[in-house]
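# Descriptive structure summary
Single-letter residue listing:
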Amino acid sequence: VTVVENADVTHLRTAMWLFPAYLLAINVFVLPLALGALALGGSPESADTFVLALPLQAGQVALSWAVFLGGFSAGLGMVVAETTALATMISNDLVAPAAETWAPARVLRRHLVPTRWAAAALVLSAAFAYERAFGTTSTLASIGFVSFAAVMQLAPALVGGLVWSGASRAGALAGMAAGFATWAHTAVGPVLAADNEETIGARI
């Protein structure tokens, strides 16, 4: 989710210090946890499980359960929020305009809510298919890197449109096209190649 809706312009003053403070607060424990797990013999390849592994090594089963439940809750919340946002974007920004301009799609104007449900099911199915195809060979951090690198392709056009009076629609589209092509070659390509190599190795 890259857009924050403000009910009042004055809320920006609070967001300018509160949001960075929030990001710092949720990440301040990452470094000591990672260093502690590595010092106890943890492998960088299993970094996704460090938070669970440390309490287990210390014999704190109850704490491990609390960590697991917290992570499960956070993950489920992310799935719900992102699926809802993407399904709403598909119905409002793709289906609704198409229904206004393309005669065969006009019937969808009376069915935007079911369309949103179908879009949510499509998003979840695509995410599950990606996880089955590539998630088993990639860490959570690498999957997150691919996702955030994709979102960052929107930043130049967004910032340029805000601060540069000479920005144009054609330039923004060309820049995003070049950025996504580079992203696909440098971020998605290696993931597909690594998965293909592991599949071939398993067959051999």
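What counts, and where the lines are drawn
Residues numbered from 1 in each chain as written. Predicted model: local features only at pLDDT ≥ 70, side-chain atom pairs only at ≥ 80, totals over all residues. Heavy atoms only, no water. pLDDT = per-residue confidence, 0-100. Helix = DSSP H or I, 4+ residues; strand = E, 2+ residues; numbered from the N terminus. Phe/Tyr/Trp six-rings, centres within 6.5 Å; stacked < 30°, edge-to-face > 60°. Axes fitted to C-alpha atoms, helices over the stretch in contact; angles between N-to-C directions. Parallel < 35°, antiparallel > 145°, perpendicular 65-115°, else oblique. Left-handed = near helix turned anticlockwise from the far one by under 90°. Contact = heavy atoms within 4.5 Å. Nonpolar A, V, L, I, M, F, W, Y, C, P; charged D, E, K, R; others polar. Patch = residues over 30% accessible without salt bridge, like charges linked within 9 Å, V, L, I, M, F, W, Y side chains within 5 Å. Areas by Shrake-Rupley, 256 points an atom, 1.4 Å probe, with all protein chains shown as cover. Salt bridge = Lys/Arg side-chain N within 4 Å of Asp/Glu carboxyl O. Buried < 20%, exposed > 50% of the residue type's maximum accessible area, 1.4 Å probe, protein only.

Moving on, we get to the confidence of the model for the chain. Here the chain averages 82 in pLDDT, and 88% of its residues register 70 or above. For the chain, helix 8 (residues 169-203) is the element with the lowest average pLDDT, namely 78, and helix 4 (residues 61-101) is the one with the highest, namely 88.

The subject of this paragraph is the packing of aromatic side chains. With the rule as written, the count across this model stands at four aromatic pairs. With a centroid separation of 6.3 Å and 25 degrees between ring planes, the pair formed by phenylalanine 68 and phenylalanine 72 is classed as stacked. Of this pair, phenylalanine 68 and phenylalanine 72 both sit in helix 4, four residues apart, which is roughly one turn of that helix.

Where helix 3 (residues 50-57) contacts helix 4, the axes come no closer than 8 Å and their chain directions differ by 165 degrees. As far as their axial angle goes, helix 4 and helix 3 are roughly antiparallel. For the pair helix 3 and helix 4, the crossing hand works out as left-handed. On the side of helix 3, the interface is formed by Val51, Leu52, Pro55 and Leu56, while helix 4 contributes Leu63, Ser64, Val67 and Phe68. For the contact of helix 3 with helix 4, the class distribution of residues is seven nonpolar, one polar and no charged.

A word on a nonpolar patch on the surface. Nonpolar side chains collect at one region of the surface, where Leu56, Val61, Trp65, Phe68, Leu69, Phe72, Leu76 and Val80 lie side by side and expose about 850 Å² of accessible area between them. A total of seven residues in the nonpolar patch trace back to one element, the largest contributor, which is helix 4. Topologically, leucine 56 is positioned in helix 3. Under the relative-accessibility criterion, leucine 56 is labelled exposed at 52%.

Attention now goes to the packing of helix 2 (residues 30-39) against helix 3. Put simply, helix 2 and helix 3 touch, their axes get as near as 10 Å, and they point 55 degrees apart. It follows from the interaxial angle that helix 2 and helix 3 lie oblique. As for how helix 2 packs across helix 3, the hand of that crossing is left-handed. Across the interface between the two elements, Leu33, Ala34, Gly36, Ala37 and Leu38 from helix 2 touch Phe50, Val51 and Leu54 from helix 3. The residue makeup of the contact of helix 2 with helix 3, split by class, is seven nonpolar, one polar and no charged.

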